[in-house]
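Letter by letter, the chains look like this.
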Amino acid sequence: MIQRIKLFGFELDAIGMSETVEQIYAWVAGGQRDCRFVVTPNVDHAVLYQRNAGLRQAYANASLVLADGMPVVAAARLLGRRLPGRVPGSDLAPALFTAAARHGALRVYLLGAGPGVAERAAVNIKARWPAVHVVGTYSPPLGFERDRGENDKILAQIAAAKPDVLLVGLGAPKQELWVNAHRHQIEAAATLCIGATIDFLAGEKKRAPRWMRRAGLEWLHRVASEPRRLLGRYARDAWIFPSLVAREWIATLRPAAHGGSPNG
């Protein structure tokens, strides 16, 4: 049984990267196509979660909720709720691919990113991880999530491709909302909501240097790379997130003052 901790209104699974990879392969080996899906909250997701009812429902239905951002891990530890560490979607997909050499061939479908990007990602995946077979790619048009015909087409393409794992890179919260809305129709053993990972795999965008990732500074690299798109978002998150941590801290003090456990 995977331990879960409560934080910012949702529950996080307290497992690391290797355990996550093994859990996903267990789903694949089980042969069920009931679309268990994985979300990886960072600071921005935690902020969005407070005011987006659809995202809250998606998190409630997710099979794994894994801490992506280092500030989320640090906040949990500050509050006495231990997490093994980060499990970013952009690291989870490569870790899953690497494990295919040990577990056997893995069938993957890439949904998201701009036109042609997923195809380039597929070429790079084949070259680097021969045991991973990209069985389909699709870059949906803008506003596709509101087009029933387009959604039916995407779901039919996924079903025909028979992937073990569906990687969805549509950005938050769109990817989580779409996967949750169609979770009973997605024919894959596991679906990962992985943000910009398809862009990274294609070489379309460059990840932060390893030392920045280890230091929890990947956000700074992303802002520097896409300031017009991300600066406003990160400024908002930097204003709101500390208040979420403070709220959690106050909540831990209340049961302690009455002799109860401070951990939720």
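Heads up: the structure comes first, above all this text.
Now for a quick tour of the structure. Note that this is a predicted model, so its numbers are computed, not measured.

Conventions and cut-offs
- Residues numbered from 1 in each chain as written.
- Predicted model: local features only at pLDDT ≥ 70, side-chain atom pairs only at ≥ 80, totals over all residues.
- Heavy atoms only, no water.
- 1 Å grid on protein atoms, 1.4 Å probe; cavity = no way out; pocket = protein on both sides within 12 Å on 5 of 7 lines; lining within 4 Å.
- Points joined across faces, edges and corners; volume = space filled by probe spheres on them.
- Helix = DSSP H or I, 4+ residues; strand = E, 2+ residues; numbered from the N terminus.
- Polar contact = N/O pair within 3.5 Å; in protein donor to acceptor, adjacent residues only side chain to side chain.
- Contact = heavy atoms within 4.5 Å.
- Salt bridge = Lys/Arg side-chain N within 4 Å of Asp/Glu carboxyl O.
- Pairing = 2+ DSSP bridges.
- Axes fitted to C-alpha atoms, helices over the stretch in contact; angles between N-to-C directions.
- Buried < 20%, exposed > 50% of the residue type's maximum accessible area, 1.4 Å probe, protein only.

**Brief notes about the layout of surface pockets**
Phase 1: Volume-wise, the second largest pocket comes out at about 550 Å³.
Phase 2: Lining the second largest pocket are 21 residues, and of these Ser90, Asp91, Pro94, Arg207 and Arg213 sit closest to its centre.
Phase 3: Contributions of two or more residues to the lining of the second largest pocket are made by α5 (89–103), α6 (117–128), α9 (197–202) and α10 (210–214).
Phase 4: Element by element, the count of residues in the lining of the second largest pocket is highest for α5, at four residues.

**Overview of the side chain of Gln175**
Phase 1: In this fold, Gln175 is placed in helix α8 (residues 174–181).
Phase 2: Here Glu176 takes part through its side chain, which lies 3.1 Å from a polar atom of the side chain of Gln175.
Phase 3: Setting aside anything within four residues of it in sequence, one finds Gln175 in contact with Val168, Gly169, Leu170, Cys193, Ile194 and Gly195.

**Remarks on the pattern of salt bridges**
Phase 1: Under the definition given, this model contains eleven salt bridges.
Phase 2: For Glu248, the salt bridge is made with Arg81, and the minimal N-O distance between the two is 2.9 Å. Taken together, the residues Glu248 in helix α12 (residues 227–257) and Arg81 in the loop between α4 (70–78) and α5 connect sequence positions 167 residues apart.
Phase 3: The shortest N-O distance in the salt bridge between Lys153 and Glu150 comes to 3.5 Å. One end of the pair is Lys153 and the other is Glu150, both in helix α7 (residues 148–161) and three residues apart, which spans about a single turn.

**Re the sheet that holds strand β5 (residues 106–112)**
Phase 1: An order of β4-β3-β8-β7-β5-β6 is seen for the six strands of this open sheet, with the pairing classed as parallel. The outermost strands of the open sheet, each flanked by one partner alone, are β4 (64–65) and β6 (132–138).
Phase 2: In this sheet, strand β8 (residues 190–193) lies alongside strand β3 (residues 36–39) in parallel orientation, the contact comprising three bridges. When the bridges of β8 are listed, Val38 appears paired with Leu192.
Phase 3: Each of β3, β5, β6, β7 (165–169) and β8 touches α5; the most contacted strand, β5, lies at about 160 degrees to it.

**Some points on the pairing of strand β1 (residues 4–7)**
Phase 1: Of the two faces of β1, only the one carrying Ile5 and Leu7 is buried; Arg4 and Lys6 on the other face are not.
Phase 2: Judged from the four bridges that link them, β1 and strand β2 (residues 10–13) form a sheet pairing that is antiparallel. Residue pairing in the sheet places Arg4 in a bridge with Asp13 of β2.
Phase 3: Two successive antiparallel strands, β1 and β2, enclose a turn made up of two residues, where Phe8 displays a positive phi of approximately 60 degrees.

**So, the environment of Thr137**
Phase 1: Position of Thr137 among the secondary structure elements: in strand β6.
Phase 2: Under the relative-accessibility criterion, Thr137 is labelled partly exposed at 23%.
Phase 3: With 94 residues separating them along the chain, Thr137 and Leu231 place their C-alpha atoms 30 Å apart.
Phase 4: Ignoring any residue separated from it by four or fewer positions in sequence, one finds Thr137 in contact with Tyr109, Leu110, Ala118, Glu119 and Ala122.
Phase 5: Only 3.5 Å separates the side chain of Thr137 from the side chain of Glu119, close enough to count as a polar contact.

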